[in-house]
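Inside the fold
Okay, here's what each chain looks like letter by letter:
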Amino acid sequence: MAERSKSSAMVIAQVWSDWEIQLYVLLSFVLQIFLFFVGSLRRRSGHKALVRFPIWLAYLLADLVAVYALGYLSRHVATTTMNRDERRHELTFFWAPFLLIHLGGQDSVTGFSIEDNELWLRHLLNLLAQVWLALYVFWQSTPGDRLVVPAAFVFLAGIIKYGERTWALKSGSESALRSSGASNEAAVKQVVRIGAEADLQYSEISRCALCWATGVRDVFAGRKLHQIDSQASEKLTNNVAFEGLEDGEVHFKIVEIELGLMYDELYTKAKVVQTLPGAFCLEVCAVFSVMMSPRAWAFLEGRRCHTLARVVCARLQARQWWSNSMGQYNFLSSCIPGKTGLCSTLLTKIMGLLGAKQLWSNILHSKHAEVNKGLKDTISTFLGELQPESRVPFHAPPTSLSSCPSFREIIRNDFTQALLFLHVFTDLFLHKVGTPVITEETRGLMEVCKGMSDYMFYLLAVHPAMLPVGSNVQDLVAEAMESVKASSAASSKEQFLSALADGSETDAFQLTSKLFQEAQGVLLQQGQDLGAALKEVVSMWVPLLVYAAGKSSSKEHARRLSMGGDLLTFVWMLMAHRMLGDIGSVSGGAKIFIMAWRRRCYPDGQEVHGGAPISFDVFIMEKEVEEDNDRTIY
């Protein structure tokens, strides 16, 4: 029995020894096939762990397997090119150049994250090392004269393809974005006015996005509007395409294409495809996949290939450029979870022991909801009411909610605390008003309210770098969670909200409880119906979202593009088109977007204090205003 087991082990070892390199080459090929078909899914599904994790794993393993296989070939080149009868395998010398092609990666996935682009010099060093290694293997295993020429062409293709990947990574780095000049958009001569929804064409939307592509690239490079080339800045802030059009879907579609083009430049070989040498050396299928973009349509239109251009346009019109979803994270649901199974409890304890409790909590309680048309219209309408050209303050109409003393007191807190209090208030308000029979319109407003509230807290809990918050945000959230868990009414979320509404639970959320009691009087007991009350809550969240977008970082938006995109990025780009947010501000001269609570300021810098009701006020100013004791929170 022992001899039989030993004999079986020897057979397995011999089979592995004979087929080891073949298995490595086959595995490398399978990984490339997987990345080819699945890699582009992260553009619109990158927020899903079941999509993102396999792509990440294949992205890392593809390089690892190819490099290991090349190393194995270099050490066993004599044995891998001969079989047992000492007869040469005529095609094994192709393995080295094929592995070099695999190291060049797929055109749809050059970098997995924004940090990969910054490491392009490391990839350049790897390129030199692996090319030298492949050249050694190729030289040692070269067969007779009849296959030298095709083998040399394959080897040259491998070098070029690996070089393309390094070039694409360099082109997506921050320094390259800052140094890049105007792109060749010869086919796009002018911005097309989109004024009639009935006559709206996808080609017109694409033309607008292409006209603004250079300015968008500069914005993602971290430049402010006054630092951008005057021609690109003028195109970016020329809102003729938005005039007379109130459909938020179209506004978002334009930005969706802009961000899709930016994704291509940062994470694919689209920048390489635009050049003649790159177009020749890419595989036909990969070129077809990558070239399905508005740039391909503009290229074909510019060369009067109208039939092909219409084919590309039809294909693009059916293409989804982002996930069209926003993250959802409910604070109270994470503090007071419902019944959990034994498996979930065990995993939570294991993650706690591994020091990944917060990460596991984020995964467990994070969800995603669709960004519906109502929310897009609400955001577009709010931004459309801001007119930076007028150089006068724009005052949003005072709302009943903003007249509540507790609301003003909440806003005087820092952004993290204000957001947390208003998030819990929204939960409480919807819990109390959601029981009566409601109409379809009211249900839609409730979804918008809850969606925006949970989305803002999702950013606070999972992606705080997207918000204007301090480094201690996680500590503040953890402290608030502990206070909720220590509450006597924390046996269920509904019980806690009921206690909060009655005012019996006032330890950590006293201001939220007071605000709800005041809001009941001003929103529901003064003749307003439920729909009007919900619109008040929506009007509370939209300026918060707009403010957060205006203060956000371009680098964080670039990072989020690889994860399916983010609603905040869309708002940020829409604001850039209107010269709003920090991107449109300079010290001493340019306009700036400011949200104020405690004071009113005018373009000449004069401050007005008084008994006027405090509300969401948006100011378009010619210069920044110094903060004082009566400081502006936003």
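**Structural notes on the overall build of the protein chain**
The secondary structure content of the protein chain amounts to 31 helices and 7 strands. Out of the 634 residues belonging to the protein chain, those deemed buried represent 52%. Taking contacts inside the protein chain between residues at least 6 apart in sequence as the whole, the part at least 24 apart equals 78%.

**Some thoughts on the pattern of salt bridges**
Where charged atoms from two side chains of opposite charge approach closely, those side chains can pair. Here the structure, examined in full by the defined rule, presents 17 salt bridges. For Glu164, the salt bridge goes to Lys269, with nearest N and O atoms at 3.8 Å. Highlighted residues: Glu164 in helix H8 (residues 148-171) and Lys269 in the loop between helix H13 (248-267) and helix H14 (270-273), separated in sequence by 105 residues. Residue class for Lys269 comes out buried when judged on its relative accessible area of 0%. Connected through shared salt-bridge partners, Asp107, Lys161, Glu164 and Lys269 make up one network.

**Notes on helix H22 (residues 373-384)**
Here H22 is 12 residues long and its end C-alpha atoms lie 16 Å apart, about the 16 Å a rise of 1.5 Å per residue gives. Residues Leu375, Lys376, Asp377, Ile379, Ser380, Phe382 and Leu383 constitute the buried set of H22. Where H22 begins, the capping side chain belongs to Asn372, and its oxygen is found 3.3 Å from the backbone nitrogen of Gly374.

**Remarks on the environment of Leu259**
Relative to the helices and strands, Leu259 resides in helix H13. In this structure the C-alpha to C-alpha distance between Leu259 and Ala209, which are 50 residues apart in sequence, comes to 9.1 Å. For Leu259, the contacting residues outside a window of four places in its chain are Phe220, Leu561, Thr569, Phe570 and Met573.

**A short note on the packing of helix H25 (residues 440-462) against helix H29 (residues 530-550)**
Across the interface, H25 lies against H29 with an axial gap of 9 Å and an inter-helix angle of 30°. With respect to each other, H25 and H29 are oriented roughly parallel. The crossing of H25 and H29 is left-handed. Of H29, the residues touching H25 (which contributes Glu441, Thr442, Leu445, Met446, Val448, Cys449, Met452, Ser453, Tyr455 and Met456) are Leu530, Gly531, Leu534, Lys535, Val537, Val538, Trp541, Val542, Leu544, Leu545 and Ala548. Class assignment for the residues of the contact of H25 with H29 results in 16 nonpolar, 3 polar and 2 charged.

**A closer look at the side chain of His423**
With respect to the helices and strands, the residue His423 is situated in helix H24 (residues 415-433). For His423, a relative accessible area of 0% puts it in the buried group. Not counting chain neighbours up to four residues away, the residues in contact with His423 comprise Tyr329, Asn330, Phe331, Ser453, Asp454, Phe457 and Trp541.

**Describing the packing of aromatic side chains**
For the coordinates displayed, the defined rule picks out 15 aromatic pairs. On the numbers, 5.0 Å between centres and 90° between planes, the contact of Phe36 with Phe37 is edge-to-face. Judged by relative accessible area, which is 26%, Phe36 ranks as partly exposed. Here Phe37 falls in the exposed class, since its relative accessible area comes to 57%. Taking 5.6 Å as the distance between ring centres and 40° as the angle between the ring planes, the aromatic pair formed by Phe53 and Trp56 counts as tilted.

**A short note on a nonpolar patch on the surface**
A cluster of nonpolar side chains, namely Val11, Val15, Trp16, Trp19, Leu23, Leu26, Phe29, Val30, Ile33 and Phe37, defines an oily patch on the protein surface of about 990 Å² accessible area. Residue placement: Phe37 occurs in helix H1 (residues 2-38).

**A few points about H29**
Over its 21 residues, H29 runs 31 Å from end to end, which matches the ideal 30 Å to within 8%, given 1.5 Å per residue. With 18 of 21 residues buried, H29 lies mostly within the body of the structure.

**Details of the packing of H13 against H22**
At a minimum axis distance of 8 Å, the contact between H13 and H22 shows a crossing angle of 85°. As the angle between them shows, H13 and H22 are arranged roughly perpendicular. For the pair H13 and H22, contact is made by Gly248, Glu249, His251 and Phe252 and by Lys373, Lys376, Asp377, Ile379 and Ser380, respectively. When grouped by side-chain class, the residues that make up the contact of H13 with H22 number 2 nonpolar, 3 polar and 4 charged.

**Some words on the confidence of the model for the protein chain**
On average, the protein chain scores 75 in pLDDT, and the residues at 70 or more come to 70%. Considering only residues more than four positions removed or in separate chains, one finds that residues 84-88, a stretch of pLDDT under 50, has 9 contacts. Across residues 182-199 the pLDDT falls below 50, and counting only partners more than four positions away or on other chains, this stretch makes 40 contacts in the model.

Rules of the game
- Residues numbered from 1 in each chain as written.
- Predicted model: local features only at pLDDT ≥ 70, side-chain atom pairs only at ≥ 80, totals over all residues.
- Heavy atoms only, no water.
- Helix = DSSP H or I, 4+ residues; strand = E, 2+ residues; numbered from the N terminus.
- Buried < 20%, exposed > 50% of the residue type's maximum accessible area, 1.4 Å probe, protein only.
- Contact = heavy atoms within 4.5 Å.
- Salt bridge = Lys/Arg side-chain N within 4 Å of Asp/Glu carboxyl O.
- Expected span 1.5 Å × (residues − 1).
- Polar contact = N/O pair within 3.5 Å; in protein donor to acceptor, adjacent residues only side chain to side chain.
- Axes fitted to C-alpha atoms, helices over the stretch in contact; angles between N-to-C directions.
- Parallel < 35°, antiparallel > 145°, perpendicular 65-115°, else oblique.
- Left-handed = near helix turned anticlockwise from the far one by under 90°.
- Nonpolar A, V, L, I, M, F, W, Y, C, P; charged D, E, K, R; others polar.
- Phe/Tyr/Trp six-rings, centres within 6.5 Å; stacked < 30°, edge-to-face > 60°.
- Patch = residues over 30% accessible without salt bridge, like charges linked within 9 Å, V, L, I, M, F, W, Y side chains within 5 Å.
- Areas by Shrake-Rupley, 256 points an atom, 1.4 Å probe, with all protein chains shown as cover.
- pLDDT = per-residue confidence, 0-100.

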